[in-house]
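Here is what each chain is made of, one letter per residue.
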Amino acid sequence: MRTDGSTAKPRGAVMLPSDRPDEAGLIDRFGRSSTDLRISLTDRCNLRCTYCMPAEGLPFLAPPSLMSIDEITRFARIAVTEFGVRQVRFTGGEPLLRKDLVEIIRAVAALEPRPEISMTTNAIGLSSRAEALAEAGLDRINVSLDSIEPETFAKITRRPFLSRVLAGIDAVGAAGLVSTKINAVLMPGINDDQAVELLEWALAGGHQLRFIEQMPLDADHVWNRDSMITADGIRERLSVRYLLSPDEAPRDGAPAELFQVRERTAGPDGPMLGLVGIIASVSEPFCSDCRRTRLTAEGAVRSCLFSHTETDLLGPLRDGADDRELADLWRGAMWAKPSGHNMNSAGFEQPDRPMSAIGG
């Protein structure tokens, strides 16, 4: 599946682009610096969400092509020590399907300086592993959950596993992890009428709910801009009960725009119930302040979720490249990062690889 936009040169011949200034960090031509690393641990998943994967699944990567613990740790160390990365998030597929997940987190937590470590998961199986993950050094968890109605959950995911997800979320709090975030995608005629219910549940549980616009990263390529629920549509649905006002805290490169939530009947001076986030990647893109760099499960750099090219790091690593050579390849890939995903331009083309194969 890999398409290398920057082919690795033989050891000793790695060169940065000639127009890149000799500066530390993962900078690009538009003045952005990537300090947030997303590492995909696997392309496998135990759900078949309709906006991500076909019902029959996808051809998955063979285990030897996945990064090992030592390889993941080495890339994370380069990112932290050479580039100044401050946040590492593990994604998938479903990262809980990695049997060595605890060991991976423990190894990255031992890095100096220690990055903040988070994970995006569907929470299936989390109930039995949350405590071990917290003890290993996991700081925070994002859970993908589009509905708390069993029938709707099963319709979206094609699996009747809602009770397992909710048990996993409960276990996160019991393990001492705080600030759990819930990621939800609203789809017309399926769960868009449950926005208020989902927010009410999240507020009651002390979770921060973040609605994400459906993006063109589905394997079936059936995404339709005209039918997606936009940020405006999300705010409209929530306003039936809640009053939203922009949060005053700086966004600081975060993908979610945060809003303070109050009961509509209480008015703008009523008590704040919590925060809700909206990630409007399509209708209100935030590319100009993007601070993310991504590694796929097979060790390729993606400068953007919607890239059509990748830069292989794992191949050179296994061929004996040293840290300087790997860092230069990585820097070159990020220097070539486009100004934006161009999703709103007429010539936009959806990437061939779906979200499960890229990592969030």
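All values reported here derive from a predicted model rather than from experimental measurement.

So, how was this worked out
Residues numbered from 1 in each chain as written. Predicted model: local features only at pLDDT ≥ 70, side-chain atom pairs only at ≥ 80, totals over all residues. Heavy atoms only, no water. Helix = DSSP H or I, 4+ residues; strand = E, 2+ residues; numbered from the N terminus. Buried < 20%, exposed > 50% of the residue type's maximum accessible area, 1.4 Å probe, protein only. Contact = heavy atoms within 4.5 Å. Areas by Shrake-Rupley, 256 points an atom, 1.4 Å probe, with all protein chains shown as cover. Pairing = 2+ DSSP bridges. Axes fitted to C-alpha atoms, helices over the stretch in contact; angles between N-to-C directions. Polar contact = N/O pair within 3.5 Å; in protein donor to acceptor, adjacent residues only side chain to side chain. Arc of directions from axis to C-beta. Parallel < 35°, antiparallel > 145°, perpendicular 65-115°, else oblique. Nonpolar A, V, L, I, M, F, W, Y, C, P; charged D, E, K, R; others polar. Disulfide = S-S within 2.5 Å. Phe/Tyr/Trp six-rings, centres within 6.5 Å; stacked < 30°, edge-to-face > 60°. Lys NZ or Arg CZ within 6 Å of the ring centre and 35° of its normal. pLDDT = per-residue confidence, 0-100.

Undergrad: For this particular structure, what's the right way to read the overall build of the protein chain?
TA: In terms of regular secondary structure, the protein chain is built from 10 helices and 12 strands. Evaluated residue by residue, the protein chain yields a buried proportion of 55% over its 360 residues. The contacts of the protein chain with a sequence gap of at least 6 include a subset with a gap of at least 24, amounting to 73%. Of the accessible surface of the protein chain, which amounts to about 15,300 Å², a share of 51% is contributed by carbon and sulfur atoms.

Undergrad: Mind showing me how you'd approach the sheet that holds strand β7 (residues 242–246) here?
TA: Sheet strands pair via backbone hydrogen bonds, and the direction of the pair is either parallel or antiparallel. In spatial order, the strands read β7-β8-β9-β6-β5-β4-β3-β2-β1-β10-β11-β12; together these 12 strands make up an open sheet with mixed pairing. This sheet does not close on itself; its edge strands, each paired only once, are β7 and β12 (311–312). Note: strand β4 (residues 140–144) against strand β5 (residues 181–184), three bridges, orientation parallel. Bridge pairing in β5 links N142 to K181. Helix-sheet contacts for helix α1 (residues 69–83) involve β1 (36–40), β2 (87–91) and β10 (292–295), and the interaxial angle to β1 is about 170°.

Undergrad: What am I meant to see in the environment of T81 here?
TA: Note that T81 resides in helix α1. Separated by 32 residues in sequence, T81 and P113 place their C-alpha atoms 7.4 Å apart. Here the side chain of T81 touches R77 through a polar contact of 2.7 Å, landing on its backbone oxygen.

Undergrad: Help me understand helix α7 (residues 231–238), please; the structure alone is not making it clear to me.
TA: For the α-helix, the turn length of 3.6 residues means that residues three or four positions removed from each other point alike. Where α7 is concerned, the buried positions are A231, G233, I234 and L238. For α7, the angular spread of buried residues about the axis comes to 160°, placing them on one side. Turned more than 90 degrees off the buried face of α7, the exposed positions are D232 and E236. On the buried face of α7, the contacting elements are α6 (195–205), β6 (208–212), β7 and β9 (274–279).

Undergrad: I would appreciate a short explanation of the packing of α1 against helix α9 (residues 323–335) in the present structure.
TA: Packed helices, taken two at a time, are described by the angle between their axes plus the distance between the axes. Interaxial distance between α1 and α9 falls to 11 Å at its minimum, and their mutual angle equals 75°. The pairing of α1 with α9 is recorded here as roughly perpendicular in orientation. Counting all contacts with α1, which are made through R74, F75, R77, I78, A79, E82 and F83, the residues of α9 involved are D323, L326, A327, W330 and R331. Residue composition of the contact of α1 with α9, grouped by class: seven nonpolar, no polar and five charged.

Undergrad: Can you walk me through helix α2 (residues 101–109) in this structure?
TA: Among the residues of α2, L101, V102, I104, I105, V108 and A109 are the ones counted as buried. Along the axis of α2, the buried positions cluster into a sector of 160°, meaning they face one direction only. Buried-residue contacts for α2 involve α1, β2, β3 (116–121) and α3 (130–136).

Undergrad: Explain the state of the cysteines here, please?
TA: Each disulfide consists of a covalent bond between the sulfur atoms of two cysteine residues. Applying the stated criterion across every chain yields a total of zero disulfides. As a non-bridged cysteine, C52 has C49 as the owner of its nearest cysteine sulfur, 6.4 Å distant. Judged by relative accessible area, which is 15%, C52 ranks as buried. Free cysteine: C287, not disulfide-bonded; nearest cysteine sulfur from C304 at 6.2 Å.

Undergrad: Sorry, what's going on with the pairing of strand β8 (residues 257–263) here?
TA: Regular strands have side chains that alternate between both faces of the sheet. Relative to β8, β7 runs antiparallel, the two sharing five bridges. Residue P246 lies in a different strand from β8, and its bridge partner there is F259. Bridge count between β8 and β9: five bridges; the pairing is antiparallel. Residue pairing in the sheet places F259 in a bridge with V276 of β9.

Undergrad: Help me understand the packing of aromatic side chains, please; the structure alone is not making it clear to me.
TA: Given two aromatic rings, their pairing is described by the distance between the two centres and the angle made by the two planes. The tally for this structure, following the rule as stated, stands at two aromatic pairs. Ring geometry for F75 against W330: centres 6.3 Å apart, planes inclined by 85°, an arrangement best described as edge-to-face. Of this pair, F75 sits in helix α1 while W330 sits in helix α9, and the two are 255 residues apart along the sequence. In this structure W330 comes out as buried when scored by relative accessible area, which is 0%. Within the aromatic cluster, the residues linked to one another by ring pairs are F75, F83 and W330. It is R164 that lies over the ring of F161; its NZ or CZ is 4.1 Å from the centre.

Undergrad: Got a minute to help me understand the confidence of the model for the protein chain in this structure?
TA: Of all residues in the protein chain, 88% have pLDDT values of 70 or greater, and the mean over the chain is 89. Low pLDDT (under 50) marks residues 1–14, which in the prediction has 27 contacts with non-local residues, meaning those over four places away or in another chain.

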